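Each chain, written out:
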Amino acid sequence: MTQILPDAAESLRPDPFAASEGGLSDRCPMSVPGGPVVVAEAPGGGPAYVVTDHDLARAVLVDPRIGKDPALAPPSWDRWTSGLEPTAAEQPSLTTLDGPAHAALRRAHAPLLSARRAAAFAPRIREIARGLLADAAREPVVDLAADFTTRYPLTVLCELLGVPLDEIDRAAEACRGVLAGDPAATGRAMATYGELAASALAPGRTGLAAELRDTVPDGTSTGTLHYLIFTLLFAGQLTTDPAAGFLLADALDGGRREVPADDLVRDVLRRHPPAPLSLWRFTTEEVELAGTTLPAGSPVLVDIAGIGATVTDGADLSFGAGPHFCTGAHLAQTELRVLVEVLREGYPDARLAVPHSALRQERPAGLGGARLTALPVRLVP
Ligand code: HEM
């Protein structure tokens, strides 16, 4: 059910999984008072324990008794309603494994997406941002949320991974397919992702996909390698796309033009986290969290949005924390910072074509974050 975000969110505790729409200053439905552990009705049925306290959340994110494998989910849950990935046994991945197997995959990814590598990619990322903004600037007024914010991170990811750039439109369609929420569309999208991964791994191609093939643990199947490449494309696109929209909206807001690009990026990610709730975790045994007893097999989430709304010292959890901390954090922040710099250097007179207060955000049902409904911009007045 769609709900309009109330200004006074305190009046009612909204369902954290409901679709919503509202203005940019409206509070995210998860950022409601309460806790440190709030019990909500899970989309798949039964209780979901949402951790709203910063210190407790950091403890949960490193707690070995709280695992990621969807095989731990309540047996009554439907995969599609709950937004669960395949289990670790069906499809090992960064997001479903824990412990040594997860650590081995993290080591394989570490050299690809380090801060040093992200810095080395910056000049190419800058060229991509310049080219795409120049295309957008051909229109007198362009809705940057309609295509640009999707195309920019996807082009960066495809370029870095080694996916041919004439595949961008198919990649964008596959991203939408995974989110369609029905098995047939997801199946088609995953087949497309498999083809994109295979194209990046074709003989003679270079890029992060080929590097990953050389760093994954011995015995990793081709299907798993494809899934890891899918994870990078999907996780990188799904998050950086809406973040770019909120960031551009702020960068074009008169009052924020002097804010250093890095500060603006951190602040926008804190206030509009692309992942407002963590991914699902499940207790592997009975666990007590701040006086609340969670039986074994209980679903646990971290209220990233709510915690971001209460911290101002850079201690937000926009990229998570602990062993599952976002592998793409350096790349994402580089992409977003470069975007602000290219906008300010190339289009110093760019303006929003509507008042900032008229911009709207919408959020789909489930765990996903909000995005702007539109971002009309006059790049060249
Ligand atoms: C602004 C952009 C981004 C945000 C806000 C973001 C946020 C997050 C968060 C919160 C997590 C942890 C989820 C949890 O522990 O439950 C995560 C994990 C992850 N992210 Fe990102 N992300 C972003 C961009 C990217 C990019 C660009 C990539 C890849 C190129 C990426 C790849 C991943 C992967 C693979 C994981 C899983 C790591 C693991 O489980 O070990 N993300 N991200």
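In this report, we go over the structure that sits alongside the text. Not measured: the values here are computed from a predicted model.

Thresholds applied
Residues numbered from 1 in each chain as written. Predicted model: local features only at pLDDT ≥ 70, side-chain atom pairs only at ≥ 80, totals over all residues. Heavy atoms only, no water. Pairing = 2+ DSSP bridges. Helix = DSSP H or I, 4+ residues; strand = E, 2+ residues; numbered from the N terminus. Contact = heavy atoms within 4.5 Å. Axes fitted to C-alpha atoms, helices over the stretch in contact; angles between N-to-C directions. Near = heavy atom within 4 Å. Polar contact = N/O pair within 3.5 Å; in protein donor to acceptor, adjacent residues only side chain to side chain. Nonpolar A, V, L, I, M, F, W, Y, C, P; charged D, E, K, R; others polar. Donors = N, O, S within 2.8 Å, 3.2 Å for Na, K, Ca; no water.

## Section: the sheet that holds strand β3 (residues 37–41)
Now for step 1: Taken in spatial order, the five strands of this open sheet run β3-β4-β10-β7-β5, and their pairing is mixed. Strand pairing shows two members of the sheet lacking a second neighbour, β3 and β5 (66–67), which therefore form its edges.
Now for step 2: Two strands pair when backbone bridges link them, and β3 and strand β4 (residues 47–51) are joined in this way by five bridges, in the antiparallel orientation. In the sheet register, Glu41 faces β4, and the bridge partner there is Pro47.
Now for step 3: Each of β3, β4, β5, β7 (281–283) and β10 (299–302) is contacted by helix α1 (residues 54–61), which is oriented at about 125° to β10, the strand it contacts most.

## Focus: the site of the ligand
Now for step 1: Taken together, 27 residues lie near the ligand, and His102, Arg106, Arg281, His324 and Cys326 sit nearest.
Now for step 2: Taking Leu94, its main chain carries an N or O atom lying 3.2 Å from an oxygen atom of the ligand.
Now for step 3: Arg106 has a polar side-chain atom sitting 2.8 Å from an oxygen atom of the ligand.
Now for step 4: Looking at the shell around the ligand, the elements with two or more residues in it are α3 (99–109), α9 (222–251) and α12 (329–346).
Now for step 5: In terms of residue count, α9 provides more of the shell around the ligand than any other element does, six residues in total.
Now for step 6: For the shell around the ligand, a count of residues per class yields 13 nonpolar, twelve polar and two charged.

## Description of the coordination of the iron atom of the ligand
Now for step 1: The protein supplies the iron atom of the ligand with one donor atom, Cys326 (SG), which lies at 2.3 Å.
Now for step 2: Structurally, the position occupied by Cys326 is in the loop between α11 (304–310) and α12.

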